[in-house]
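Breakdown of the fold
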Amino acid sequence: MSRGGRHVYGALSVLAAGALVLTGCSKGGSDSGGDNQKDKENAKRQQASIKFGGVADSTGPAAEVPGAKPGGTMEVLQRDSYAHLDPAQIYVSDEGSLATLLHRGLTGYKATSDDGSKHEVVGDLATDSGTTTDGGKTWKYTLKDGIKFQDGSPITSKDVRHTVERLFAPFINQGPTYLQQWLADTPGAKYRALLKDGPYKGKHLPASVLETPDDKTIVFHFKTAHPDLPYALAMAGYAIVSEKGDTKERYDKAPVVTGPYKIQSFKSGKSMVLVKNTNWDPKTDPIRHQYIDQFNITFNQQFETSTKALLADSGADQTGISFNNQVDAGNLSKVLRDPKMKARTVSGYQPYVGQMNINMHHPALQDKNVRMAIAYALPITPFVRAFGGNDAMEVAGGLISPTVSGYDAAFDPWGKKKKPAGDPAKAKELLKKAGKLNMKLTFGYINTPEGQQYSTAMAAGLKKAGFDVQRQEIPAETYYDQVSKLDNNYDIFHTAWGADWPSASTVIPPLYDGRVIADGAQNYSQINDPKINSEIDRINQITDPVKSAAEWEKLDQYIVKDSVNVVPTAYYKQTQIAGSKVGGLVYDDVIGGVDPRRLFIK
């Protein structure tokens, strides 16, 4: 999932990774206050698969948070406004965090420890995480009693069918595509042919694909086994949409929700107010709480602004938090070193890997020597420094995070771990060989203080290698919408992606399968390499997770070293801070940050 400004396992898309010390004078910033061994253990833990729960595990209410009490208003300081509220369009981290309060799906992740480190997949709106008797080709779900939308109408199998069928409509173009591809038994964007216009012209998926024999029962039929379906259905992108309340494109701004909170008001770019959804029944929900009376969310709060406000800890900021803003680079080392701040901060790995995309749609970038020149020249030090140095991230060699099975710490084809400042001399040789010295590169960057900082320094590094770099800013709120357009003007631009569950099958196919190239899709570099496509199909058929992890890593290395359509930048980690009166503060591995569902005011 992308990092919006992006998931983790099945919910969201962030900051991931260990504390690799950059060498010599090229050090990227603070490198103290963190715990290297703890970071490694944290990453290793996240590689483990998460078990599927039965009926008892899926029964509400959720276990009480120690010390929790109801009431009060919580201030939430957010950098980016929400571009999408329709669950089918949600695939970035900040919208995913919000979705934990608004939306429910057939399955979900339940925390089984109070520190956010242990989870199981359980039935959310369904009575369990799903049953299959044929290894994953057929999955059956039964809806719980007493589940309702915010307007009080019951949630039935008709709503689930509608939710699935509308995923095929052309206007749904930002969310995950696993379920659609599995139902259509086809890779890439060809799945839309199964139900071209979604349900809006009276057509439906055949019973051989999706059955709803009564108001409570849903049966998925796949031609090949998909044992990971409970993981996929736990994603925000597959949360349930009201058939009666579906307003198509307009649903993206005013959804009919199923979670413990509903939207009282939303002024895009300014503010949002969440209040209790009185038709949410905690007896049906094993995952969420409803301790807070009201969340007042304010947008355009940059990392430095929110950090300073929460550090000051006065007035409304005492009950303040950010669901997604991290501690800014300038304060990170100070916060991590101060023992008094320990109770008010949380840190952890995220599954995100940053990458500089090289737009393969542009003719000049189809020359491999030019792409290799970019790979050698690109300095990673400015990127790491912009977010707080080695306490915030680790220089990446490949595209598979330390939190995902198959990760290879030794892989570093462009020498970034040894030379994070880049190798402009080697890059210039390649540019000369290609006859492209002084070639123009349009660098699209996110218009945030961090984006301004790293893009300026990265552009300078590329200029040393002989590129004529022109920076072009992109608003943070619509950044991923802009860079996922097929005809965007950017030659290079940075994105980050986190595994949707602990497998590279949720990293490589969505990002590098040439058959998924489409407006709004996540193949940002628009790579269409027959070898990558065929290897994706082959590895997806391997059922042994150890063997498949090894094969995904081989393909990862081919993409980085031979296709050269992206340059890995960093593995992410996140530190967040809250006001002194915020209770229930925990870093949740699955969310990849603060867990909004367990917060309360002391």
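Criteria and thresholds
- Residues numbered from 1 in each chain as written.
- Predicted model: local features only at pLDDT ≥ 70, side-chain atom pairs only at ≥ 80, totals over all residues.
- Heavy atoms only, no water.
- Axes fitted to C-alpha atoms, helices over the stretch in contact; angles between N-to-C directions.
- Helix = DSSP H or I, 4+ residues; strand = E, 2+ residues; numbered from the N terminus.
- Parallel < 35°, antiparallel > 145°, perpendicular 65-115°, else oblique.
- Contact = heavy atoms within 4.5 Å.
- Nonpolar A, V, L, I, M, F, W, Y, C, P; charged D, E, K, R; others polar.
- pLDDT = per-residue confidence, 0-100.
- Pairing = 2+ DSSP bridges.
- Left-handed = near helix turned anticlockwise from the far one by under 90°.
- Core = buried A, V, L, I, M, F, W, Y, C linked by side-chain atoms within 4.5 Å.
- Buried < 20%, exposed > 50% of the residue type's maximum accessible area, 1.4 Å probe, protein only.
- Phe/Tyr/Trp six-rings, centres within 6.5 Å; stacked < 30°, edge-to-face > 60°.
- Lys NZ or Arg CZ within 6 Å of the ring centre and 35° of its normal.
- Salt bridge = Lys/Arg side-chain N within 4 Å of Asp/Glu carboxyl O.

**Some thoughts on the packing of helix 14 (residues 530-540) against helix 15 (residues 545-563)**
Look at helix 14 against helix 15: their axes get within 10 Å of each other, and the N-to-C directions meet at 170 degrees. In this view, helix 14 runs roughly antiparallel relative to helix 15, as classed from their interaxial angle. On the side of helix 14, the interface is formed by Lys531, Ile532, Glu535, Ile536, Arg538, Ile539 and Asn540, while helix 15 contributes Ser548, Glu551, Trp552, Leu555, Tyr558, Ile559 and Ser563. Here the residues of the contact of helix 14 with helix 15 are counted per class, giving seven nonpolar, three polar and four charged.

**Let's talk about the confidence of the model for the protein chain**
Segments scoring low in pLDDT should not have their predicted coordinates read at a detailed level. Averaged over every residue, the pLDDT of the protein chain is 91; residues scoring 70 or more account for 92%. Note on residues 4-34: pLDDT is under 50 here. Beyond four places in sequence and across chains, it has 160 contacts.

**What about the sheet that holds strand 5 (residues 210-211)?**
Strand order across the open sheet formed by three strands is 4-6-5, with antiparallel pairing between neighbours. Single-partner strands in this sheet number two, and they are strand 4 (138-142) and strand 5. Pairing analysis gives two bridges linking strand 5 to strand 6 (residues 217-221), with the strands arranged antiparallel. Opposite Leu210, over in strand 6, you have Phe220 as the bridge partner. Seen against the sheet, helix 3 (residues 157-166) touches strand 5 and strand 6 and runs at an angle of roughly 30 degrees to strand 6.

**Here we look at the environment of Ser208**
Along the chain, the position of Ser208 falls in the loop between helix 4 (178-184) and strand 5. Put simply, Ser208 and Phe220 are 12 residues apart on the chain and 8.5 Å apart in space, counted from C-alpha to C-alpha.

**Let's talk about the packing of helix 8 (residues 368-377) against helix 10 (residues 424-434)**
A pair of packed helices can be characterised by two numbers: the angle between their axes and the separation between those axes. For the pair helix 8 and helix 10, interaxial distance at closest approach is 8 Å and the crossing angle is 165 degrees. Between helix 8 and helix 10, the angle is such that the two are roughly antiparallel. Here the hand of the crossing between helix 8 and helix 10 comes out left-handed. Together, Asn369, Val370, Met372, Ala373, Tyr376 and Ala377 of helix 8 and Lys426, Ala427, Leu430, Leu431, Lys433 and Ala434 of helix 10 make up the contact between the two elements. Tallied by class, residues from the contact of helix 8 with helix 10 come to nine nonpolar, one polar and two charged.

**Points about the nonpolar core**
One finds Leu179, Phe220 and Phe467 to be the most contacted residues of the largest nonpolar core, which totals 128 residues. For this core, the element with the most residues is helix 8, which contributes seven residues. If sequence neighbours within four positions are ignored, Phe467 has contacts with Val370, Ala373, Ile374, Leu431, Met439, Leu441 and Leu462.

**A look at the packing of aromatic side chains**
Following the criterion strictly, the structure yields 25 aromatic pairs and no others. When the centroid spacing of 6.1 Å and the interplanar angle of 80 degrees are considered together, the rings of Tyr141 and Phe220 count as edge-to-face. Of this pair, Tyr141 sits in strand 4 while Phe220 sits in strand 6, and the two are 79 residues apart along the sequence. Comparing Tyr141 with Phe220, the two get one shared label, buried. A cation over an aromatic ring shows up here: Arg166 above the ring of Tyr251, its NZ or CZ 5.3 Å from the ring centre. One cation-aromatic arrangement involves Arg471 over Tyr445; the distance from NZ or CZ to the ring centre is 4.3 Å.

**Observations concerning the sheet that holds strand 11 (residues 345-358)**
Pairing within the open sheet is mixed, and its six strands lie in the order 12-16-11-15-13-14. With one partner strand each, in any of the chains shown, strand 12 (393-395) and strand 14 (468-474) form the two edges of the open sheet. Looking at each pair of strands side by side, their axes are set apart by 30 degrees on average, direction ignored. Two strands pair when backbone bridges link them, and strand 13 (residues 440-446) and strand 14 are joined in this way by seven bridges, in the parallel orientation. Within the sheet, the bridge partner assigned to Lys440 lies in strand 14 and is Asp468.

**A look at the pairing of strand 7 (residues 261-267)**
The side chains of a regular strand alternate, residue by residue, between the two faces of the sheet. Relative to strand 8 (residues 271-276), strand 7 runs antiparallel, the two being bridged by six bridges. Note on strand 8: the bridge partner recorded for Phe266 is Met272. If you look at the hairpin formed by strand 7 and strand 8, you'll find three residues sitting between the two strands, and Gly269 has a positive phi there, around 85 degrees.

**Description of the pattern of salt bridges**
For the structure shown, the criterion picks out 29 salt bridges. Taking the shortest distance from any N to any O, the salt bridge between Asp313 and Arg344 comes out at 3.9 Å. Residue Asp313 is found in the loop between helix 6 (303-312) and strand 10 (320-321), and its partner Arg344 is found in the loop between helix 7 (329-337) and strand 11; the two are separated by 31 residues along the sequence. Side by side, Asp313 and Arg344 carry an identical accessibility label, which is buried. Of the charged contacts in the structure, one is a salt bridge between Asp588 and Arg597, with a shortest N-O distance of 4.0 Å. Here the residues in one salt-bridge network are Arg104, Asp124, Asp285 and Arg288, joined through shared partners.

**Section: unusual backbone geometry**
Here Gly60 and Pro61 are connected by a cis peptide whose omega angle stands at 0 degrees. Relative to the assigned elements, Pro61 resides in the loop between helix 1 (36-46) and strand 1 (73-77). With a phi angle near 55 degrees, Lys248 is a residue other than glycine that sits in the positive phi range. Examined against the element boundaries, Lys248 turns out to sit in the loop between helix 5 (229-233) and strand 7. Lys248 gets classed as partly exposed once you look at its relative accessible area, which sits at 33%. With phi around 70 degrees, Asn438 is a residue other than glycine that occupies positive phi space. Using a relative accessible area of 62% as the deciding quantity, one classes Asn438 as exposed.

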